[in-house]
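Observations on the three-dimensional arrangement
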Amino acid sequence: LDNGKLVKWEGKMDEVHSTISSTDEYKPTLLGTVPHMDEKTALDVLDSALNAYEYGKGEWPTMKVKDRIKCMRNFVELMETKREEVVKLLMWEIGKTLPDSEKEFDRTVDYIYDTIEDYKQLDRDSDTFQKVGGINAHIRRGPLGVVLCLGPYNYPLNETFALLIPALIMGNTAVFKPAKHGVLLLSPLLDAFQKSFPAGVINVIYGRGREVAAPIMKTGRIDVLALIGNSKSAIALQDQHPYKNRLRLILGLEAKNPAIILPSADLDLAIDECINGTLSYNGQRCTALKIVYVHEDIREEFNKRFAKRVDGLKFGQPWEEGVKLTPLPEPGKPAYIKELIDDAKEKGAEILNAKGGETSENYIYPAVLYPVTESMRVYQEEQFGPVIPVKSFSDIQDLLGEMAKSNYGQQVSLFGDNVDALAPLIDVLVNLVCRVNLNSSCQRGPDVLPFTGRKDSAVGTLSVHDALRSFSIRTFVASKDN
Ligand code: G3H
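What counts, and where the lines are drawn
Numbering of residues begins from 1 in every chain and follows the order in which that chain's sequence is written. With the structure being a predicted model, the display of local features is reserved for residues of pLDDT at least 70 and the display and counting of side-chain atom pairs for 80 or more, all residues being used for whole-chain, interface and lining totals. To get the side-chain values, all heavy atoms of the structure are used, and hydrogens and water are removed first. At least two DSSP bridges between two strands are required for those strands to pair. Every helix listed is a DSSP run of H or I at least four residues long, and every strand listed is a run of E at least two residues long, numbered separately from the N terminus. In what follows, a contact means two residues having at least one pair of non-hydrogen atoms within 4.5 Å. Between the N-to-C directions of two axes lies an angle of 0 to 180 degrees, each axis being a line fitted to C-alpha atoms and, for a helix, fitted only over the stretch in contact. Using a 1.4 Å probe on the protein chains alone, a residue whose accessible area is under 20% of its type maximum counts as buried, one over 50% counts as exposed, and one in between counts as partly exposed. The directions considered for the arc run from the helix axis to the C-beta atoms. Centre distance within 6.5 Å is the pairing criterion for rings of Phe, Tyr and Trp, where only the six-membered ring of Trp is used; planes under 30 degrees apart are then read as stacked, over 60 as edge-to-face, and the remainder as tilted. A ring is considered to have a charge above it if a Lys NZ or an Arg CZ atom is located within 6 Å of its centre and within 35 degrees of its normal. For each residue, the test is whether any non-hydrogen atom lies within 4 Å of the molecule or strand; if one does, the residue is near. Under this definition, polar contacts are N or O atom pairs within 3.5 Å; protein pairs additionally need one hydrogen-donor-capable and one acceptor-capable atom, and for neighbouring residues in sequence, both atoms have to be side-chain atoms. For every accessible area listed, the method is Shrake-Rupley and the probe measures 1.4 Å; residues are considered covered only by the protein chains on display. Each residue gets one label: Ala, Val, Leu, Ile, Met, Phe, Trp, Tyr, Cys and Pro are nonpolar, Asp, Glu, Lys and Arg are charged, and the others, such as Gly, are polar.

1. Regarding the sheet that holds strand β5 (residues 146-150)
Judged by pairing direction, the sheet is mixed, and its six strands sit side by side in the order β7-β6-β5-β8-β9-β21 without closing on themselves. Single-partner strands in this sheet number two, and they are β7 (202-204) and β21 (458-459). Most of the contacts of helix α7 (residues 209-218) go to strand β6 (residues 173-177), to which it runs at about 155°, and overall it touches β5, β6 and β8 (224-228).

Right, here's the structure in full:
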């Protein structure tokens, strides 16, 4: 999609294979192809976004609010007609279960409608007059410029759009690069973009980051880098920008969210939540629980019951009833998870569940590892996959000290009885992370709540409400009070 038009790509193509397969028979099938762009094409695409934003010429940044809303509404209505197609591609391309794929689609549609409503309110609230110090100020809210937007493979629709939609509605123009896995499922929506937005407002690039995204950053013409993914890519792209002070960042990055299970916890509930928290979408969520701290007094019982529950989870195709575990889209992931398991075993951990670490070509069965220590890779790294490190603790103060050393600070799940008595602990935790989940696993939603993190976990805040503000700036016209 370039300059508002779907352009037929005549150059080299990249093949996109399916993620799914059965456990005993791995047959990735060709699902489709996407353009393999080069630097020159990427820079042409950037020109479209720049022209559509051009001062005094681009109609989008100065368009009336009601007209921008009309375009967005038109888009989401067309999008809704593509539900079945997109949901199928979500299952095939990234192995997300049917209920989760449907949820991702519906959540995205809701996100767009909520954004439209919040934008109307924001516009009413922002467009104000203030008389102060002999000045009449007409305050308003305006766009930031051209946004380079990169979405992740685990939420290729929802999180990509959580960046793109607020950026567009605030009057910015955008170039977006879909993730390598989960790229085809955006194709059915490109036509809807074409039909809904003026030329150049939204543009797509495909290809390797260093071949297409890096050259765009190098031009220094990008005003906002909006990325959900890993810090390595974010830093590499920032480094390309020649005028770093001009670049705004909106980043959703890694996390290592812990579960803390106190002796007073309802163990059935804690186990249920830890199963979901660690293994929804095979642990490939930035909000997944990536380490479990269990109090020494209940450690034995927790470990025994938790490991048994993990072994009872059903592995299969995303559309099968009751399936929890599905194949992994990243080809190197099973081998990486295996490395983490082997490293932990060498350093003294055991696999607590019988099926833990069983591999097929594109899957590895979740392993529950105990006792995990700080020297192990699985303790240090964001595994983003099916392996669950468990560590016990006796003194909560020591544990808080340990958590304070983490490079991440997104969320925590705290399991214990009597929330009032836990208040002092909650007060400390909420200053270590940005969301404390009481007796429940971590999650991003509902999408109207702030989603962010401390340290290396995020820059800026996303939510329907916050993203509109993140992608805009308050400006004003001042006239003298004569
Ligand atoms: O991968 C990170 C996502 O923000 C997780 O979102 O908590 O809704 O699954 P979720």
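On we go.
2. Description of helix α8 (residues 231-240)
If you check which residues of α8 are buried, you get Ser-231, Ala-234 and Leu-237. End-on view of α8: buried residues confined to an arc of 135°, all on one side of the axis.

3. Brief notes about the sheet that holds strand β10 (residues 257-261)
Strand order in the open sheet formed by seven strands is β12-β15-β16-β11-β10-β18-β19, and the pairing between neighbours is mixed. Every interior strand has two partners, whereas the edge strands, β12 (350-351) and β19 (435-438), have only one. Two strands pair when backbone bridges link them, and β12 and strand β15 (residues 367-370) are joined in this way by two bridges, in the antiparallel orientation. Each bridged residue has a counterpart across the sheet, and for Ile-351 the counterpart in β15 is Leu-369. Sheet strands in contact with helix α13 (residues 396-404) are β10, β11 (289-295), β16 (387-393) and β18 (411-415), and its direction is about 180° off that of β10.

4. Overview of the packing of aromatic side chains
Tallied over the entire structure, the rule returns eleven aromatic pairs. Between Trp-60 and Phe-197, the aromatic rings sit 5.5 Å apart at their centres with planes inclined by 75°, giving edge-to-face as the arrangement. In this pair, Trp-60 is assigned in the loop between α1 (39-53) and α2 (65-80) and Phe-197 in the loop between α6 (187-196) and β7, connecting sequence segments 137 residues apart. Each member of the pair Trp-60 and Phe-197 is classed as buried. Ring pairs connect the aromatic residues Trp-60, Phe-75, Phe-161, Phe-176, Phe-193 and Phe-197, which therefore count as one cluster. Just above the ring of Tyr-281 sits the side chain of Lys-96; from NZ or CZ to the centre is 5.0 Å. The ring of Tyr-155 is capped by Arg-444, whose NZ or CZ atom sits 4.6 Å from the centre of that ring.

5. Remarks on the site of the ligand
All residues adjacent to the ligand are Arg-107, Asn-154, Tyr-155, Glu-159, Arg-285, Cys-286, Thr-287, Gln-443, Arg-444 and Phe-451. Cys-286 has a polar backbone atom sitting 2.6 Å from an oxygen atom of the ligand. Summarising the interface, the protein chains cover 96% of the accessible area of the ligand, which totals 300 Å² for the free molecule. Its residues assigned to classes, the shell around the ligand comprises three nonpolar, three polar and four charged.

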